[in-house]
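Structural description and commentary
Listed here are the chains, written in short residue letters.
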Amino acid sequence: MATATSAPPATGLRVAAPSDAALATIAAPPAMSPPSTATPGALSAPAMSTTPPAVPSPAAFATPPAQAIAIGNPAGPLEEVLPPPPDVRVEISLSKQRMRVMVEGVERHAWPVSTARKGYRTPLGSYRPERMHKRYFSRKYDNAPMPYSIFFHKGWAIHGTNDLRRLGRPASHGCVRLHPSNAKALFAIVGQYGRANTRIVVVR
């Protein structure tokens, strides 16, 4: 007696084999799109000017005259540094009867002087030379010689004297007396640096 083979029970579901079109769809990556078939002329391009750019003239690259002087010529006006003006200070101490001469801040000379004796005065203060005379004679005191006179205030002057014995103590009518050789040296210094750069200071 033949045994009948029973078929698997029907489940009601049917699995269909994938078609070739479905397989092609699955195989292609979802992010990829087919290449564009548009021609290059169809693609939009940025707008371009057909006018050639302006070329700067050679003058635009030229160095300005002021810079040319500073760069090409170290001695030009922009590079020139003037030294400070020279300074001569003549300090006269009445109590010490002594004169100090400073040139550009450095003491160059220290000399004995004679200033006003009792009954006369040598004015205190700070002055600039007013006038200078290599040879001068007093119009007030018996035509006394006053070589290398440097007048600093009205009739008061620094000058050389022949009364050498009294240098270092009060003896004059008010002027500041110096040994003639010292008066000559001071006259030369003031003449070299100029009256505008000379200061005469009389202190107690």
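As shown above, the structure is provided for reference.
The sections below set out a description of the structure shown in this document. Counting starts from 1 at the beginning of each chain's written sequence and moves along it residue by residue. Restriction of local features to residues with pLDDT of at least 70 applies here, the model being predicted, together with a cutoff of 80 or more for giving and counting side-chain atom pairs; totals for whole chains, interfaces and linings are based on all residues. Remark: hydrogens and water are excluded; side-chain values derive from all non-hydrogen atoms of the structure.

Let us look at the pattern of salt bridges. Just to be clear on terms, a salt bridge is a Lys or Arg side-chain nitrogen sitting within 4 Å of an Asp or Glu carboxyl oxygen. Inspection of every chain in the model, using the stated rule, returns 5 salt bridges. A salt bridge links Arg100 to Glu91; the nearest nitrogen and oxygen atoms lie 3.7 Å apart. When its relative accessible area of 33% is taken as the criterion, Arg100 is described as partly exposed. Each member of the salt-bridge network shares a partner with another, and the members are Arg89, Glu91, Arg100 and Glu107. Think of it in three bands: residues with accessible area under 20% of the maximum for their type are buried, residues over 50% are exposed, and the middle band is partly exposed, with areas taken using a 1.4 Å probe on protein chains only.

We now examine the sheet that holds strand β5 (residues 131-133). Read from one edge to the other, the open sheet built from 4 strands follows the order β5-β6-β7-β8, with strand pairing classed as mixed. Each edge of the open sheet is held by one strand with a lone partner, namely β5 and β8 (176-178). Strand-to-strand twist in this sheet, taken as the mean axis angle between neighbours without regard to direction, amounts to 15°. Strand pairing is assigned whenever DSSP detects at least two bridges linking the two strands. The numbering of helices and of strands both runs from the N terminus, where a helix is a DSSP run of H or I of at least 4 residues and a strand a run of E of at least 2. Of the pairings in the sheet, the one linking β5 to strand β6 (residues 149-153) comprises 3 bridges and is antiparallel in character. Across the sheet, Met132 pairs through a bridge with Ile150, a residue of β6. Fitting a line to C-alpha atoms yields each axis, with helices limited to the stretch in contact; the angle taken between N-to-C directions then spans 0 to 180 degrees.

So, about the environment of Thr122. Note that Thr122 resides in the loop between β3 (106-112) and β4 (125-127). Along the chain, Thr122 and Leu94 lie 28 residues apart, while their C-alpha atoms are 8.3 Å from each other. Those residues in contact with Thr122 that sit more than four places away from it in its chain are Leu94, Thr115, Ala116, Trp156, Gly174, Cys175, Val176 and Val202. Definition of a polar contact: a pair of N or O atoms within 3.5 Å, with one able to donate and the other able to accept a hydrogen when the atoms are protein atoms, and with sequence-neighbouring residues admitted only if both atoms are side-chain atoms. Within the local environment of Thr122, its side chain forms a polar contact with the backbone oxygen of Gly174, the two atoms lying 2.8 Å apart. We call two residues contacting when some pair of their heavy atoms lies within 4.5 Å.

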